[in-house]
Amino acid sequence: MPEQRVAIVTGASRGIGRAIALRLAKDGRHVVAVARSEGPLNELVAEITAAGGSATAKTCDLADSGAVTAMIESVVSELGRLDILVNNAGITRDNLILRMSDDEWDDVINTNLKSVFVACRAAARPMMRGKFGRIVNIASTSGLVGNAGQANYAAAKSGLTGLTKTIARELGGKGITANTIAPGFIQTDMTKDLPEQVIEGVKAMMAVRTLGTPEDIAACVAYVTSDEAGYLTGQTIAVDGGMTMC
Ligand code: NDP
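Below: a short report on this structure. No experiment lies behind these values; they were computed from the predicted model shown.

## What to know about the site of the ligand
In the vicinity of the ligand, 31 residues are found, and the nearest of them are Arg36, Ser37, Asn88, Tyr153 and Thr188. In this structure, arginine 36 approaches the ligand through a side-chain N or O atom, which is 2.7 Å from an oxygen atom. A distance of 2.7 Å separates an oxygen atom of the ligand from a polar backbone atom of isoleucine 186. For the ligand, whose unbound accessible area comes to 880 Å², protein coverage reaches 96%. Broken down by class, the residue content of the shell around the ligand amounts to 15 nonpolar, eleven polar and five charged.

Following this line, the structure appears as structure tokens:
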């Protein structure tokens, strides 16, 4: 069993999840990097290992509940412990409410909300056994204040805050904390196709007047998942350059 804390990071093949994985590995965690694409995960593991860290890649389609449970169980049986769970993977299927299909709704709810419930349920027992746990669910400011064209996404992300607060209440006495981090606009594949006009409008809404970076989110995750953050739980932390301030 590794001495170091074991951290699962979903959606680690690119963007925010990749930055979180790199940061947690740099901070001495054994990182289990999860996504569907094997190649980028293997590249990430090689990068972490070359820098002196330790990591494992696991491919998993998080939209498949059985696969999520099996992935968590395999981590615990192979590594003997699970200390940190960062549910970061997410998708968008944007459409106005009048046009949104059932499939667009279901895809986003399954990947962005149901998979998180399933992963937290599977992680709870091993974390209780270890008398320690740090759960971080990556939500969005869309879930805090809504966003036209994102009824499915905003509902899923808003759902994460209620799920997380409930987990915090249920498991707080077992040494397990659960928090939500809500990024604003971060420079990743998810936002790279937004028209320049939209980006400029977004920047104007932010106190700091710039888009965030994946590393900005990773720095917050690093603190919230640290041993010293045991008194921080049930919170929703908006890392959004002062866009929402709610
Ligand atoms: P990206 O689109 O860049 O990356 C998404 C990640 O999720 C990829 O690693 C992808 O891996 C993984 N993923 C998607 N679907 C699945 C699935 N079914 N099974 C397993 N893995 C999956 O997104 P970002 O890095 O921008 O976003 C990360 C998180 O932050 C998301 O939850 C997003 O909603 C949230 N967020 C992002 C914001 C932004 O401005 N970028 C703002 C607010 C919130 P693969 O395709 O290999 O499976």
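## Regarding the packing of aromatic side chains
This structure, assessed with the given rule, holds zero aromatic pairs. A cation over an aromatic ring shows up here: arginine 5 above the ring of phenylalanine 132, its NZ or CZ 3.5 Å from the ring centre.

## Quick notes on the sheet that holds strand E6 (residues 176-183)
With parallel pairing, seven strands are arranged side by side in an open sheet as E3-E2-E1-E4-E5-E6-E7. The open sheet terminates on both sides in strands that have one partner only, identified here as strand E3 (54-59) and strand E7 (236-239). Pairs of neighbouring strands in the sheet enclose a mean axial angle of 20 degrees, with direction left out of account. Judged from the four bridges that link them, E6 and E7 form a sheet pairing that is parallel. By the bridge assignment, proline 183 is partnered in E7 with valine 239. Contacts from helix H8 (residues 214-224) reach strand E4 (84-87), strand E5 (133-138), E6 and E7, with the element oriented near 165 degrees to E6.

## Quick notes on the nonpolar core
Ranked by internal contacts, the top residues of the largest apolar core, which has 32 residues, are Ile8, Met71, Ile72, Leu82, Leu85 and Ile135. Secondary-structure elements contributing two or more residues to this core are strand E1 (6-10), strand E2 (30-35), helix H3 (65-79), helix H4 (102-130), helix H6 (151-171) and E6. Examining the composition of this core, we find that eight residues originate from one element, H4, more than from any other. Ignoring sequence-local partners within four residues, the contact set of isoleucine 8 consists of Val32, Val34, Met71, Ile72, Val75, Leu82, Ile84, Leu85 and Val86. Val31, Ala33, Ile186 and Val224 belong to the second largest nonpolar core, which has 30 residues in total.

## Some points on the pairing of E5
Of all six residues that make up E5, six are buried, and the element is covered over most of its length. Of the two faces of E5, the one carrying Gly133, Ile135 and Asn137 and the one carrying Arg134, Val136 and Ile138 are both buried. Note: E4 against E5, four bridges, orientation parallel. Across the sheet, residue asparagine 87 finds its bridge partner in E5, namely asparagine 137. For the handedness criterion, the β-α-β arrangement of E4, H4 and E5 is classed as right-handed. Alignment of E5 against E6, held across six bridges, turns out to be parallel. Bridge pairing in E6 links isoleucine 138 to isoleucine 181.

## What to know about the packing of helix H1 (residues 15-26) against H8
Pairs of packed helices are described in terms of their axes, by the angle between the two and the distance that separates them. It is at 8 Å that the axes of H1 and H8 come closest, and there the two elements cross at 45 degrees. Taken together, H1 and H8 sit at an angle that is classed as oblique. Viewed along their axes, H1 and H8 form a crossing whose handedness is right-handed. Contacts from Gly15, Ile16, Ala19, Ile20, Arg23 and Leu24 in H1 reach Pro214, Glu215, Ile217, Ala218, Ala219, Val221 and Ala222 in H8. Per-class residue counts for the contact of H1 with H8 are ten nonpolar, one polar and two charged.

## Describing the pairing of E2
Looking down a regular strand, the side chains alternate between one sheet face and the other. Taking burial as the measure, the six residues of E2 include six buried ones, the bulk of the element. Residues His30, Val32 and Val34 of E2 are buried on one face, and the alternating residues Val31, Ala33 and Ala35, pointing to the opposite face, are buried as well. Across five bridges, the pairing between E1 and E2 is parallel. Bridging from a neighbouring strand, valine 6 pairs with histidine 30 of E2. Between the parallel elements E1 and E2, the chain passes through H1 in a crossover that is right-handed. After leaving E2, the chain enters helix H2 (residues 38-50) and then returns to the sheet as E3, a path that is right-handed.

Rules used in this analysis
Here the residue index of a chain counts from 1 through its sequence in written order. Selection of residues for local features in this predicted model requires a pLDDT of at least 70, selection of side-chain atom pairs for listing and counting requires 80 or more, and totals for whole chains, interfaces and linings are taken over all residues. Side-chain measures here rest on the full set of heavy atoms in the structure, leaving out hydrogens and waters. Any residue with a non-hydrogen atom lying within 4 Å of a molecule or strand is treated as near it. Each polar contact in these results corresponds to two N or O atoms within 3.5 Å; when the atoms are within protein, one needs to be able to donate a hydrogen and the other to accept it, and residues that are neighboring in sequence are counted only if both atoms are side-chain atoms. A 1.4 Å probe and the Shrake-Rupley method give the accessible areas. Residues count as covered only by the protein chains that appear here. When residues are sorted by character, Ala, Val, Leu, Ile, Met, Phe, Trp, Tyr, Cys and Pro go into the nonpolar class, Asp, Glu, Lys and Arg into the charged class, and all the rest, Gly among them, into the polar class. Only rings of Phe, Tyr and Trp enter the pairing, Trp through its six-membered ring, and a pair is recorded when the two centres are within 6.5 Å. The plane angle decides the type: under 30 degrees is stacked, over 60 is edge-to-face, the rest tilted. To sit over a ring, a charge needs its Lys NZ or Arg CZ within 6 Å of the ring centre and within 35 degrees of the ring normal. For two strands to pair, DSSP has to find at least two bridges joining them. What counts as a helix is a DSSP run of H or I of at least four residues, what counts as a strand is a run of E of at least two, and both are numbered from the N terminus. Under this scheme, a helix contributes an axis fitted over its contacting stretch, all axes are lines through C-alpha atoms, and angles between N-to-C directions fall in the 0 to 180 degree range. When checking whether two residues touch, look at their non-hydrogen atoms; a contact exists if any pair is within 4.5 Å. Each nonpolar core is a collection of buried residues, namely Ala, Val, Leu, Ile, Met, Phe, Trp, Tyr and Cys, held together in the definition by side-chain atoms within 4.5 Å. Relative accessibility decides the category of a residue: with a 1.4 Å probe and only protein chains considered, values under 20% of the type maximum give buried, values over 50% give exposed, and everything between is partly exposed. By definition, the crossover connecting two strands over a helix is right-handed if that path, from the first strand to the second, turns clockwise as seen with the strands pointing away from the viewer. When describing relative orientation, an angle under 35 degrees is termed roughly parallel and one over 145 degrees roughly antiparallel, while 65 to 115 degrees is termed roughly perpendicular and anything else oblique. Handedness of a crossing is defined here by the sense of rotation of the near helix relative to the far one, left-handed for an anticlockwise turn of less than a right angle and right-handed for a clockwise turn.

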